[in-house]
Each structure stands twice: as structure tokens, then as C-alpha cells.
Amino acid sequence: MKYLVINGPNLNMLGIREPEIYGKATYSDLCKMISSKADELGVEVEFYQSNHEGDLVDKIQSAYGNTHGIIINPGAYTHTSVALLDAVKTVGIPTVEVHISDPDTREDFRKVSYIRLACVKTIKGKGFAGYLEALEVLTNE
Ligand code: CA2
């Protein structure tokens with residue numbers, strides 16, 4: 001079973017800026033944490049991070065027919081991107097939306113999520129643990 005973990009813009013900066021919101025651990029720490037959860041569950045994970053909307057769409061499309069589930073934190077594209085929503089709908093792969101913080105308790109513009117409409121679940125405000133919970137959700141699908 002293969003799962004794809006996609007992180008959008010600026011999430012490569014984890015641990016470097018704004019630790020009060022996103023914590024002190026880095027993107028590489030996040031990938032290691034998810035990898036060890038994947039080992040525990042006996043599944044394969046692939047990681048992808050990009051700051052570019054079209055590249056994120058390309059990656060979602062490339063999962064078509066070869067991936068059992070997608071975990072996605074689209075970063076700020078959560079609140080703006082119909083293209084990412086359409087990509088997830090198009091491939092028809094079970095997808096969980098994850099946010100490290102809880103966007104609903106922040107600025108009003110973060111309360112909208114386009115991608116949520118195509119996701120089996122949204123997990124927010126649980127830090128890195130949200131990604132581990134998402135992997136459990138998808139492996140139980
Ligand atoms: O809480 C989340 O995971 C977000 O998806 C993070 C996005 C934000 O635009 C969403 O509203 C909520 C921002 C990611 C920026 O990540 C940074 C990490 C470290 C330092 C600076 C930015």
C-alpha cells in the first residue's frame with residue numbers, strides 16, 4: 001500500500017520561523033516521524049513539498065492509479081486553490097486534509113478551505129500528530 005504526503009508553500013520552512021504557531025521541529029523531522037509511523041503500519045510513503053501550485057497539481061495527477069491515499073497540507077493554497085480541489089476530485093484517491101495549526105481560530109481568510117470539499121477528513125490544530133492520524137485514517141479506509 002502506497003501513500004503520498006504532500007506539503008504546500010512554505011512548509012519547507014518548518015522549525016525555522018514562527019515556532020509559536022508551527023513548533024520547533026523541521027520539515028525533515030516531520031518526514032522522519034511519518035516514515036516511522038508508516039513502518040509501524042507496514043505501508044510505503046512518498047513525500048513531496050512544493051511552493052508552486054501547478055507542481056502540486058502535477059504531483060496529485062501523477063498519483064492516479066498507483067497510490068492508495070493522499071495526505072495533503074496545501075498551506076496557503078488551502079484558502080485559494082480551486083485547481084487543487086479539482087485535482088483531488090479528478091484522481092478520485094481518498095485524501096485527508098491536514099493543518100498543523102487550526103486555521104479556523106486564526107484570520108478570517110483562513111476559514112475557507114476549497115480542498116476540504118474533496119477530502120474524506122480534515123485534521124487541524126494537532127501539530128505534526130495530525131499527519132500520523134491521517135495515515136491511520138487512510139490505512140483503515
Ligand atoms: O496550519 C497549517 O498547517 C497551515 O496549512 C499552514 C499554512 C497556512 O497558510 C494555513 O493557513 C495553515 C502556512 C504554512 C507556512 O509554514 C511556515 C512554517 C514555518 C515558518 C513559516 C511558515
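Residues numbered from 1 in each chain as written. Predicted model: local features only at pLDDT ≥ 70, side-chain atom pairs only at ≥ 80, totals over all residues. Heavy atoms only, no water.

A.B. asks: Report on the site of the ligand, specifying residues and quantitative values.
C.D. replies: Inspection of the region around the ligand gives 16 residues, with N73, H79, H99, I100 and S101 positioned closest. H99 has a polar side-chain atom sitting 2.9 Å from an oxygen atom of the ligand. Relative to its free-state accessible area of 510 Å², the ligand is covered by the protein chains to the extent of 94%. Split by residue class, the shell around the ligand holds 7 nonpolar, 6 polar and 3 charged. (Near = heavy atom within 4 Å. Polar contact = N/O pair within 3.5 Å; in protein donor to acceptor, adjacent residues only side chain to side chain. Areas by Shrake-Rupley, 256 points an atom, 1.4 Å probe, with all protein chains shown as cover. Nonpolar A, V, L, I, M, F, W, Y, C, P; charged D, E, K, R; others polar.)

A.B. asks: I'd like a rundown of the pattern of salt bridges, residues and numbers included.
C.D. replies: As enumerated under the stated definition, the model contains 11 salt bridges in all. Residue K59 is joined to E46 by a salt bridge in which the shortest nitrogen-to-oxygen separation is 2.6 Å. Pair noted here: K59 is in helix α3 (residues 53-62) and E46 is in strand β2 (residues 44-49), with a separation of 13 residues, a long-range link. Between K126 and E133 there is a salt bridge; the shortest N-O distance is 2.9 Å. Given a relative accessible area of 46%, K126 falls into the partly exposed group. E133 gets classed as partly exposed once you look at its relative accessible area, which sits at 24%. One network of salt bridges, in which partners are shared, links K2, E46 and K59. (Salt bridge = Lys/Arg side-chain N within 4 Å of Asp/Glu carboxyl O. Helix = DSSP H or I, 4+ residues; strand = E, 2+ residues; numbered from the N terminus. Buried < 20%, exposed > 50% of the residue type's maximum accessible area, 1.4 Å probe, protein only.)

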